[in-house]
Every structure is written in structure tokens, then in C-alpha cells.
Amino acid sequence: MLNWESKLKSWKNQRISRRSVFSAFSSSLVLSATVFTWNTPQNTIHQQAISSTNTGSKLIANNSGKKVVRIVRSKQLTALAVLEKQGTLEKRLGALGYKVEWPEFAAGPQQLEALNAGGLDIASTAESPPVFSQAAGVPLVYLAANSSDGRAVSLLVPPNSPAKRFKDLKGKKIAFQKASIGHYLTVRAAERERLKLTDVTSVFLAPPDANAAFSQGKVDAWFIWEPFVTRNVQNKVGRVLLDGGNGLRDTNNFYSTNRKFYQENPQVIKIFLEELQKAQVWSKNHPKQIAQLLTSATQLDAPTLEKMHNKYDFALVPINEKVIKKQQQVADKWYSLGLIPRKVNVRDGFLTPQQYAAITPKEVLTKK
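On a predicted model such as this, the values are computed, not experimentally measured, just so you know.

What follows covers the sheet that holds strand β4 (residues 123-125). If you walk across this open sheet you meet the 4 strands as β4-β11-β5-β12, and the pairing is antiparallel. Only two strands of the sheet have a single partner each, and these edge strands are β4 and β12 (316-317). Against the sheet, helix α6 (residues 108-117) engages β4, β5 (140-146) and β11 (253-258), with an angle of about 155° to β4.

Our focus in this paragraph is unusual backbone geometry. Between E226 and P227 the backbone carries a cis peptide bond, its omega angle lying at 5°. Relative to the elements of secondary structure, P227 occurs in the loop between β9 (221-225) and α10 (228-234). The backbone of A179 shows a phi angle near 65°, a positive value even though the residue is not glycine. When you line up the elements, A179 lands in the loop between β7 (173-176) and α8 (181-192). Even without being glycine, Q299 reaches a positive phi, approximately 60°. You can see Q299 is positioned in the loop between α14 (295-298) and α15 (302-308). Since its relative accessible area comes to 38%, Q299 is described here as partly exposed.

In this section: the side chain of T360. Structurally, T360 can be placed in the loop between α17 (353-359) and α18 (362-365). Polar contacts involving the side chain of T360 include one to the main-chain carbonyl oxygen of Y356, which spans 2.7 Å.

In this structure the tally under the stated criterion is 2 cavities of 30 Å³ or more. Here the largest cavity defines a volume of roughly 620 Å³. For the lining of the largest cavity, the secondary structure elements donating two or more residues are α4 (79-86), α6, β4 and β11. The leading source of residues in the lining of the largest cavity is β11, at 3 residues. Across the lining of the largest cavity, the residue classes break down as 21 nonpolar, 12 polar and 6 charged.

The subject of this paragraph is the layout of surface pockets. To find leftover empty space, a probe the size of one water molecule is rolled over the atoms. In this structure, the second largest pocket occupies an estimated 260 Å³ of space. Lining the second largest pocket are 13 residues, and of these N252, V317, K322, V323 and K368 sit closest to its centre. With 3 residues, helix α16 (residues 321-336) is the largest single contributor of residues to the lining of the second largest pocket.

Cut-offs used in this document
Counting starts from 1 at the beginning of each chain's written sequence and moves along it residue by residue. At least 70 in pLDDT is required for a residue's local features to be given in this predicted model, at least 80 for side-chain atom pairs to be given and counted, and no such filter applies to totals for whole chains, interfaces and linings, which use all residues. Each side-chain value is worked out from all heavy atoms of the structure, with water and hydrogens disregarded. At least two bridges found by DSSP between two strands are what make those strands a pair. Secondary structure counts use DSSP, requiring at least four H or I residues in a row for a helix and at least two E residues in a row for a strand, with both numbered from the N terminus. By definition, residues are in contact when any of their heavy atoms lie within 4.5 Å. Each axis is a line fitted through C-alpha atoms, taken for helices only over the stretch in contact, and angles between the N-to-C directions span 0 to 180 degrees. Each residue gets one of three labels from its accessible area relative to the maximum for its type: buried under 20%, exposed over 50%, partly exposed in between, using a 1.4 Å probe on protein chains only. Counting of polar contacts relies on pairs of N or O atoms within 3.5 Å, with two restrictions inside protein: one atom must be capable of donating a hydrogen and the other of accepting it, and residues adjacent in sequence are counted only when both atoms are side-chain atoms. A 1.4 Å probe that fits but cannot get out identifies a cavity on a 1 Å grid over protein atoms alone, an open set with protein on both sides within 12 Å along at least five of seven lines counts as a pocket, and a residue lines either if it has an atom within 4 Å of a point. Grid points are joined across faces, edges and corners, and a volume is the space filled by probe spheres set on the points. Residues are grouped as follows: nonpolar covers Ala, Val, Leu, Ile, Met, Phe, Trp, Tyr, Cys and Pro; charged covers Asp, Glu, Lys and Arg; every other residue, Gly included, is treated as polar.

Written out as C-alpha cells, the structure is:
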């Protein structure tokens, strides 16, 4: 087990400079490659990210001569996880000479480090990792927006914690992945209670280390997503103090790539989004079937997953001015807190309406 307390000491009160943005992503990637063994053979995670650092965004070829597209594996109750299980994307891209691989990462920041290093082609994150990535100068492209699924992210406290609302955690230690949705929602929850982020002690830990720290009572709370939430509640290790519902979460999830991959592989991206949209519709309309399909991926039983189904909207949403302006607000918030080194113009990562029309499924474009 890594000494997370020593990492906490070295990261505490860190202000991110351009160099340390990359360093934070890189250290998180190494950390998750070392400790993130959740339902995965040991020492296999991130091999593509580590071994292909110099490949850029070009599609690499495997032993069969097929070009490889690397899409992040989802281990949550998501349409992306369904897409992998159903195998429809492999069939469509296979006919065009492509092979799909699904590397795993602990969280969004690790994904975007791999995206920049050439170890991942399509990432799936919340709103904040792309902003931190853009602040570090990465030529990121927002491909599509997903529903916020706010209720699927929760602030856990121990079952016997006296805390009744967020303000009761003033002066306490809250764990979350740096630059993640947990980080952003901690800021939002604090502001709702007229507190500042500095009124709590931020403990920057990747999910596997945070899970260990929380279960051992080393932190007072943990902002994390499903299925970590339900597993800890079922194991009587934690209880939900609040979640991202009721307007606390006001942002989208995003699928992203880098500029070069977008420019060189528009057809791959178009097919990916088409099949993802089909998986979204299927997932929304088949709560029992998706629960049965994803038991091994989530490590939760089917009845529990079926109950969790209403925490997700299973919807791609069109990228429009509202989405872009909200993402700019997120970037401005992180800059005002001194957690990114420069102001970010998020529009640098968004495409034109015409470019989105060329890759986005028509039924998504017509949504309001």
C-alpha cells in the first residue's frame, strides 16, 4: 500500500503552475497504474498509456495490422460501459480496419494525461479535468456533452459522523481526486453554505487511495461517484451526506480527444458517437437488462444497479452556447481560486456548429 499520508503532506496547499499541472496529471497516472486494481488483472492497467508515450495521436497498429482506437473503459452504470459490452462499435470499426481497445484509468485527470501522452484516444470525464488540461496547454477537443447525472456523485461521511449538512464539515478533511467532479462539487457545496474551499482541508487522493483513507477513518468525508458510493453504503462504511442533485451539479460530462486525433479520424469519431447514442437510448429504456449486463463491471448485484438506474439520464446533449458558457464559468472559477496558472478560453477546445453537425447524431442535434 502506498503511503497516501506522505503524498497528502507534499500536495497540501499546492498551487498549480503550468509545470505542476502536468506533474499533477503525471503523478496521478503513475499512482493509479500502481494501485488501481479494481476488478482488473494486476499490472495491466495503463499499459498503452505508459508504452505509447511517443505515439502522439496517430492510430497505432496491432499485430494483426489493424489500427487501434483506444477508448476509456467505464466501470460505472453508463452507456459507455454498455457500448463496450454489446460490441457493436467493434463490429462497425472492424469492418473499416480498426480494432478497439478499452484501457482503464482511475479518474478524469489520469485519462487526460494519457490523452496528451498518446496512450488514449477518447476520454470521458466531468467538467473540470478538461479545464485543467487546457490550462496546461493541451490541444484538447470537446467531442460531445453528456447528461450531468448529478445524483450519481455523493459526499460520503462515516455512518456515525455527527455531520448533518456540509457546513458541519468546516475545518474537517474532505478527500477527492484533484481537478475532478468531487473537487468541483466541494467548491459548490461550500459556496452554498457561504463557506470557502479553504474552510475545509482538501485531501487530494485518487479514488483507490481515497477509498482506503476513508475506510480507515483518515479523512472525515469523501466526494466520489458511483459505484464507490453504493459499495461503501452497502458495506456500512459510509452514508450519503449530500449528492449532486437538486441543482448542486450544474455542469455536463464530456467526451474529448486531442486536436490531431480529431483532424485525422473524423469518421471514427462519428461512428463512435452514433453507437454511443444507440447505447444511451437502450440503457435508458432497459433498466433490468443494463443492471444484469454491468454487474461484473460495477461489482454490484443486479437489483442494486436497477435501483441506481434513476440516478442517470443516459443522454447525449447538443453542445451549444449554454454548454460552452457554463464550461467557461468553471474555468473562471478554478482561475479565481488560484488552482490553474492562467485564464483559459474554453472555446479553444470547442468545434464550430458546422463541425459538430458533421459528427453528432441527428437526434442529439435536434434536442433543446
